[in-house]
Amino acid sequence: MYIPPAFKDDDIESIHATIRGARLASLVTATSEGPVATPLPLFLDESEGEHGVLYGHVARANPQWKLPPIGDALAIFAGPDAYVTPSWYATKQETGKVVPTWNYVAVHAYGPVEFFQDPERLLDAVTRLTNKHEGARAKPWAVSDAPADFITAQLRGIVGVRIPVARFEAKRKMSQNRPEADRVGVAQGLAASDNPHDREASALIPMPG
């Protein structure tokens, strides 16, 4: 990922927060048949290894797990993003020398991928993933709510994914390279938007004071 110095994110807590907040990731592997990608939810176990371990699963019918990967796998996580109109820049009124851009947060995690089929490991992975997304609900659903034989049958239809993270690349492009007055204008413009994603991005813009 191309990361100019102004947008480089080296803060591990920020990186972990982006991963935790991502609703869906993309798993990319290079194979002898070309690159293969699968959208899927992943969770990071921060207690394992130096940089944590990612877990998820793919459908057994998905050919990605059957194709030997060449080198490390890549997991892509997207954070808040928003279109930025030049109309919000104070510089527009001063010089007119402005163009549109896009603000966004992204994390790329690299590491060797393991695909596993052991039922106990699969059950643990899907249980932890379910708990992650159900935990905030008033009446969370649990894997154990379904009949055990039904869950056993469902596990036969998936293959687990495990990626010990070797390194992260993280980018937080939130108007840091703009003058203070421009950043204020962008933050105000996004905060006034009807789109909740715009308002979420607004809160990440570095502000004076």
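Up top is the structure.
Definitions and limits used
- Residues numbered from 1 in each chain as written.
- Predicted model: local features only at pLDDT ≥ 70, side-chain atom pairs only at ≥ 80, totals over all residues.
- Heavy atoms only, no water.
- Salt bridge = Lys/Arg side-chain N within 4 Å of Asp/Glu carboxyl O.
- Pairing = 2+ DSSP bridges.
- Helix = DSSP H or I, 4+ residues; strand = E, 2+ residues; numbered from the N terminus.
- Axes fitted to C-alpha atoms, helices over the stretch in contact; angles between N-to-C directions.
- Contact = heavy atoms within 4.5 Å.
- Core = buried A, V, L, I, M, F, W, Y, C linked by side-chain atoms within 4.5 Å.
- Buried < 20%, exposed > 50% of the residue type's maximum accessible area, 1.4 Å probe, protein only.

Draft legend 1. Seen up close, the pattern of salt bridges. On inspection of all chains with the given rule, the structure shows 11 salt bridges. Taken together, the salt bridges that share partners define one network made up of Glu-48, Glu-114, Arg-121 and Arg-162.

Draft legend 2. Examining the sheet that holds strand 4 (residues 53-59) more closely. The antiparallel open sheet is built from 4 strands, whose spatial order is 3-4-8-7. If you trace the sheet from one side to the other, it starts and ends with strand 3 (43-45) and strand 7 (114-116), each paired once. Neighbour-to-neighbour, the strand axes of this sheet turn through a mean angle of 30°, independent of strand direction.

Draft legend 3. Structural detail: the sheet that holds strand 2 (residues 34-40). Strand order in the open sheet made by the 5 strands is 2-1-5-6-9, with antiparallel pairing throughout. What marks the edges here is a single partner per strand, and that holds for strand 2 and strand 9 (167-173). The average angle at which neighbouring strand axes cross in this sheet is 20°, direction not considered. Bridge analysis of strand 6 (residues 101-111) against strand 9 gives 7 bridges, and the strand direction is antiparallel. Bridge assignment links Val-105 to a residue of strand 9, and that residue is Arg-172.

Draft legend 4. Representation of the environment of Pro-100. Within the secondary structure layout, Pro-100 lies in the loop between helix 2 (90-94) and strand 6. Taking the C-alpha atoms as reference, Pro-100 lies 5.0 Å from Thr-85; in sequence the two are 15 residues apart. For Pro-100, the contacting residues outside a window of four places in its chain are Tyr-83, Val-84 and Pro-86.

Draft legend 5. How the structure looks around the nonpolar core. In terms of nonpolar packing, the biggest core is built from 24 residues, with Ile-19, Leu-54 and Phe-77 touching the most fellow members. Within the residue set of this core, elements represented by two or more residues are helix 1 (12-21), strand 1 (25-31), strand 4, strand 5 (73-84), strand 6, strand 8 (158-164) and strand 9. Counting residues in each nonpolar core, the second largest holds 13 residues, with Val-53, Leu-122, Ile-151 and Ile-158 among its members.

Draft legend 6. Main features of the pairing of strand 8. Of all the 7 residues making up strand 8, 6 are buried; the element is thus mostly covered by neighbouring parts of the structure. Of the pairings in the sheet, the one linking strand 4 to strand 8 comprises 7 bridges and is antiparallel in character. Looking at the pairing, Val-53 lines up with Pro-164 of strand 8. Pairing geometry for strand 7 and strand 8, over 3 bridges, is antiparallel. Directly across from Phe-116, in strand 8, lies its bridge partner Gly-160.

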